[in-house]
Each structure stands twice: as C-alpha cells, then as structure tokens.
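Examination of the molecular architecture
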Amino acid sequence: MTSTTRRAVCPGSYDPVTVGHIDVFRRASALFDEVVVAILHNPAKQGAFTVDERAAFIHHQVDDLGNVRVEAFANRLIVDVCAELEAGVLLKGLRGETDFSYEWPMALMNRHLTGVETLFLPGDPRHEHVSSSLVKEVARFGGDVNGLVADEVRDALRERLPRP
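Scope of this entry: the structure provided in the associated data block. (Residues numbered from 1 in each chain as written. Predicted model: local features only at pLDDT ≥ 70, side-chain atom pairs only at ≥ 80, totals over all residues. Heavy atoms only, no water.)

Each pocket or cavity is described by its volume, and for the largest pocket that value is around 1200 Å³. Those elements giving two or more residues to the lining of the largest pocket turn out to be strand 1 (7-12), helix 1 (19-29), strand 2 (34-41), helix 2 (51-62), strand 4 (89-94), helix 4 (97-114) and helix 5 (132-140). Element by element, the count of residues in the lining of the largest pocket is highest for helix 4, at six residues. Here the lining of the largest pocket is built from residues that sort into 17 nonpolar, 17 polar and 12 charged. (1 Å grid on protein atoms, 1.4 Å probe; cavity = no way out; pocket = protein on both sides within 12 Å on 5 of 7 lines; lining within 4 Å. Points joined across faces, edges and corners; volume = space filled by probe spheres on them. Helix = DSSP H or I, 4+ residues; strand = E, 2+ residues; numbered from the N terminus. Nonpolar A, V, L, I, M, F, W, Y, C, P; charged D, E, K, R; others polar.)

Structure below.
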C-alpha cells in the first residue's frame, strides 16, 4: 500500500465477533482502501476464545472482501497501532447512546495523543441489542444466539462455555 492509501483500523476484542461487528467491517470496506480489524488483547486476561480463534472466526466471515485484514496486538495503545499501520482513522461502530458516551472520551484522547481521528459508524438498528458479553451470557445459560453470531461461533460457544 502507498502512503495515499485510505486505511482504517477497527479495534476491539471480538470475543466473540458478532453480526454487528461483521456489518461494520463490511460497510467500512466500501469506504476505505484497506480495513484492519485489530484484535486487541491483554495476555493476562482469559477470553472465551484465543486470539487465533477470534481471528479465524472473523476471516471466515470477511474472506470475500479483498481489502479487510485481521491482525492481533497485545498491551499497546491503539494510537501506536495506528502509527505502525500508517492509519489515520480509527473506525468504531456504535449501537447507541451508551456506546457513544463510552467512545467519545477515548476518541478525544486518541486525537490528543497523536492526531488520529475516530469515525463513528452507526450500527444497523437490527443489531442494537447485540454485544459480545450479552451473547456469551445468553449462550452460557443455554439461550438461543442464532442470528447474533455466525453458526460456527454459536457452535463454539456451546462447546466452550460451561453451563452452570
């Protein structure tokens, strides 16, 4: 890629990736030359899925998009990731007002630190209630998560999460 490449970084833990995340990645791919899905993780914290599993789930759902790539980053500021990737934009999907309230101060801090801009992409209202943590909780108690995550993610959640 050249220095004129319009590159956006979509950061998150994606544990697990949901239909809302995939919707944002797909829509972002139409807006930018390249979209980097940055899986951020803290090795000291245990997620439901390994970083490699999360990356595979995402790859399987966006492999038809030639301009989306998935990379993992540990224990780093997202602005440093953006600098390394020569990305001038952080792209965040917002489900609603609560997400905006959470993301706004981070966007201002990131711009203060390095000048990187954060763009907010409104999520599809059909997925407004979908979050990774809620999906895990519903799956853990045997609830139906069909349509909230890809089938392979649903099946992996059923196998991975212990029922109380």
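In this section: the sheet that holds strand 1. Spatially, five strands are ordered 3-2-1-4-5 in an open sheet, and the strand pairing comes out parallel. Of all strands in the sheet, those with a lone pairing partner are strand 3 (68-74) and strand 5 (117-122), marking the two edges. The average undirected angle you get between the axes of adjacent strands in this sheet is 30°. Sheet analysis places strand 1 next to strand 4, joined by two bridges and oriented parallel. From the neighbouring strand, V9 faces strand 4, where its bridge partner is L90. Most of the contacts of helix 1 go to strand 5, to which it runs at about 115°, and overall it touches strand 1, strand 2, strand 3, strand 4 and strand 5. Packed onto the sheet, helix 2 meets strand 2 and strand 3 and runs at close to 155° relative to strand 2. (Pairing = 2+ DSSP bridges. Axes fitted to C-alpha atoms, helices over the stretch in contact; angles between N-to-C directions. Contact = heavy atoms within 4.5 Å.)

Turning our attention to helix 2. In this model, helix 2 (12 residues) spans 17 Å end to end at C-alpha, consistent with the 16 Å of a helix rising 1.5 Å per residue. Close packing links the buried residues of helix 2 with helix 1, strand 2, strand 3 and helix 6 (151-160). (Expected span 1.5 Å × (residues − 1).)

What follows concerns the environment of D124. Within the secondary structure, D124 sits in the loop between strand 5 and helix 5. Separated by 2.5 Å, the side chains of D124 and R126 make a polar contact. (Polar contact = N/O pair within 3.5 Å; in protein donor to acceptor, adjacent residues only side chain to side chain.)

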